[in-house]
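What follows is each chain in one-letter form.
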Amino acid sequence: MTEQNLENFSLEHLNLEAVYQGYRGDAPVGILAPWDIADAQPAVIAAEDAGQVSGDVIDVGCGLGDNAIFLASRGYRVTGIDGAPTAIQEAQKRARAKGLDVDFAVADATSLDGYENRFDTVIDSGLYHCLTEDNQRRYMDALYRATKPGARLHLLCFAEELPAVFPVAQRVSEKNLREIVGKQWNITLLRPVLYQTSLTPESIRQLINLAASETEDVSESLARFDPALSSNPIDSVELDEQGRIKAPVWQLAAERIG
């Protein structure tokens, strides 16, 4: 994983392919992608356990493919798409290692050309907050075209209203979700949950030090990147049994209108 300069960061120029450059060899090198927990997100597992996944599934912004691979292991026909070619290559490798058939492809989530009227369930585990508001609207339009009547949407994104535990690209408000997602999807659940990351307090410190190497004040640099961070909260975050950070996010579930 590489770091983008915090001073010059913008969603319009977010380069997720750069995040995956450490995955181009036989084994990952450097700091893992923050979402690479080598397993499905607990919220995705819980949704499937609760019977909230059905039919043909699309995992949009699938990254390294672990959510898609988990759902394929439960018997679903799954398509995983991402804009980063290296992520898709690693996802295909992980699926082959488990003997599972998942249709992974490089595609633009804001258009989803060629995927019209195909899916019964949508998984979005951390893509929505990587998009500008205009692209969020295009993304929702694309999802509507790609899904069948009665389709379900399961979405996880960083939240403006919840505690900030480390820098993120964008925090999304409840108002945003209700206005943009709610236009075409009937929101049946919107609540805080914990998102499992691969980050530890030490890896966060490393990232902060790297990102701030050309600045005089780390806290100022972080605040410009993510205004929710008024100070370094690393020592107060919740950790799993492996010492990895669990970050508060919105969990949204919705049903397609029409």
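Keep in mind that what you see is a predicted model, and the values were worked out from it rather than measured. (Residues numbered from 1 in each chain as written. Predicted model: local features only at pLDDT ≥ 70, side-chain atom pairs only at ≥ 80, totals over all residues. Heavy atoms only, no water.)

## Brief notes about the pairing of strand E8 (residues 245-256)
Burial analysis of E8 places 10 of its 12 residues in the buried class, the great majority of the element. Relative to E8, strand E5 (residues 147-158) runs antiparallel, the two being bridged by seven bridges. For phenylalanine 158, the partnering residue across the bridge sits in E8 and is valine 249. Between strand E7 (residues 238-239) and E8, which follow one another and run antiparallel, lie five residues, and glycine 243 among them has a positive phi close to 80°. (Buried < 20%, exposed > 50% of the residue type's maximum accessible area, 1.4 Å probe, protein only. Helix = DSSP H or I, 4+ residues; strand = E, 2+ residues; numbered from the N terminus. Pairing = 2+ DSSP bridges.)

## What about the pairing of strand E3 (residues 103-106)?
Relative to E3, strand E2 (residues 78-82) runs parallel, the two being bridged by four bridges. Bridging from a neighbouring strand, isoleucine 81 pairs with alanine 105 of E3. The handedness of the E2 to E3 crossover, carried by helix H4 (residues 85-97), is right-handed. (Right-handed = clockwise from strand over helix to strand, strands pointing away.)

## Things to note about the packing of helix H5 (residues 133-146) against helix H6 (residues 174-181)
Viewed as axis vectors pointing N to C, H5 and H6 meet at an angle of 40°, and their least axial separation amounts to 10 Å. Viewed along their axes, H5 and H6 adopt a mutual orientation that is oblique. Taken as a pair, H5 and H6 cross one another with a handedness that is right-handed. Contacts from Glu133, Gln136, Arg137 and Met140 in H5 reach Asn176, Ile180 and Val181 in H6. Of the residues in the contact of H5 with H6, the class split is three nonpolar, two polar and two charged. (Axes fitted to C-alpha atoms, helices over the stretch in contact; angles between N-to-C directions. Parallel < 35°, antiparallel > 145°, perpendicular 65-115°, else oblique. Left-handed = near helix turned anticlockwise from the far one by under 90°. Contact = heavy atoms within 4.5 Å. Nonpolar A, V, L, I, M, F, W, Y, C, P; charged D, E, K, R; others polar.)

## Remarks on the layout of surface pockets
Each pocket or cavity is described by its volume, and for the second largest pocket that value is around 170 Å³. Lining the second largest pocket we find 15 residues, and of these Ala47, Gln52, His154, Leu189 and Ala253 sit closest to its centre. Of all the secondary-structure elements, those providing two or more residues to the lining of the second largest pocket are helix H2 (42-49), E5, strand E6 (185-196) and E8. The greatest single-element share of the lining of the second largest pocket, amounting to four residues, is contributed by E8. A class-by-class count of the residues in the lining of the second largest pocket yields eight nonpolar, four polar and three charged. (1 Å grid on protein atoms, 1.4 Å probe; cavity = no way out; pocket = protein on both sides within 12 Å on 5 of 7 lines; lining within 4 Å. Points joined across faces, edges and corners; volume = space filled by probe spheres on them.)

## Concerning the packing of aromatic side chains
Under the counting rule described, the total for this entry stands at five aromatic pairs. With centroids separated by 6.2 Å and ring planes inclined at 35°, the aromatic side chains of tyrosine 115 and phenylalanine 119 adopt a geometry described as tilted. Judged by relative accessible area, which is 10%, tyrosine 115 ranks as buried. Judged by its relative accessible area of 1%, phenylalanine 119 is buried. Lying over the aromatic face of tyrosine 144, arginine 256 brings its terminal NZ or CZ to 3.8 Å of the ring centre. (Phe/Tyr/Trp six-rings, centres within 6.5 Å; stacked < 30°, edge-to-face > 60°. Lys NZ or Arg CZ within 6 Å of the ring centre and 35° of its normal.)

## Re the environment of asparagine 117
Along the chain, the position of asparagine 117 falls in the loop between E3 and strand E4 (119-125). C-alpha separation for the pair asparagine 117 and lysine 148, spaced 31 residues apart in sequence, amounts to 5.2 Å. Excluding its chain neighbours within four sequence positions, the residues that come into contact with asparagine 117 are Arg145, Ala146, Thr147, Lys148 and Pro149.

## Some words on empty space enclosed by the protein
This structure, assessed with the given rule, holds three cavities of 30 Å³ or more. Its volume calculated, the second largest cavity comes out at about 70 Å³. Lining the second largest cavity are Ala43, Val44, Ala47, Ile123, Asp124, Ser125, His154, Leu155, Leu156, Gln251 and Leu252. Of all the elements in the fold, those that place two or more residues in the lining of the second largest cavity are H2, E4, E5 and E8. Considering only residue class, the lining of the second largest cavity consists of seven nonpolar, three polar and one charged.

## Digging into the environment of leucine 194
In this structure, leucine 194 sits in strand E6. Of the residues examined, leucine 194 reaches a relative accessible area of 35% and is grouped as partly exposed. Sequence separation between leucine 194 and leucine 156 is 38 residues, and the spatial gap between their C-alpha atoms is 9.6 Å. Each residue touching leucine 194, except ones within four places of it in the same chain, is listed here: Glu238, Lys246, Ala247 and Pro248.

All we've got here are geometric facts, nothing functional implied.
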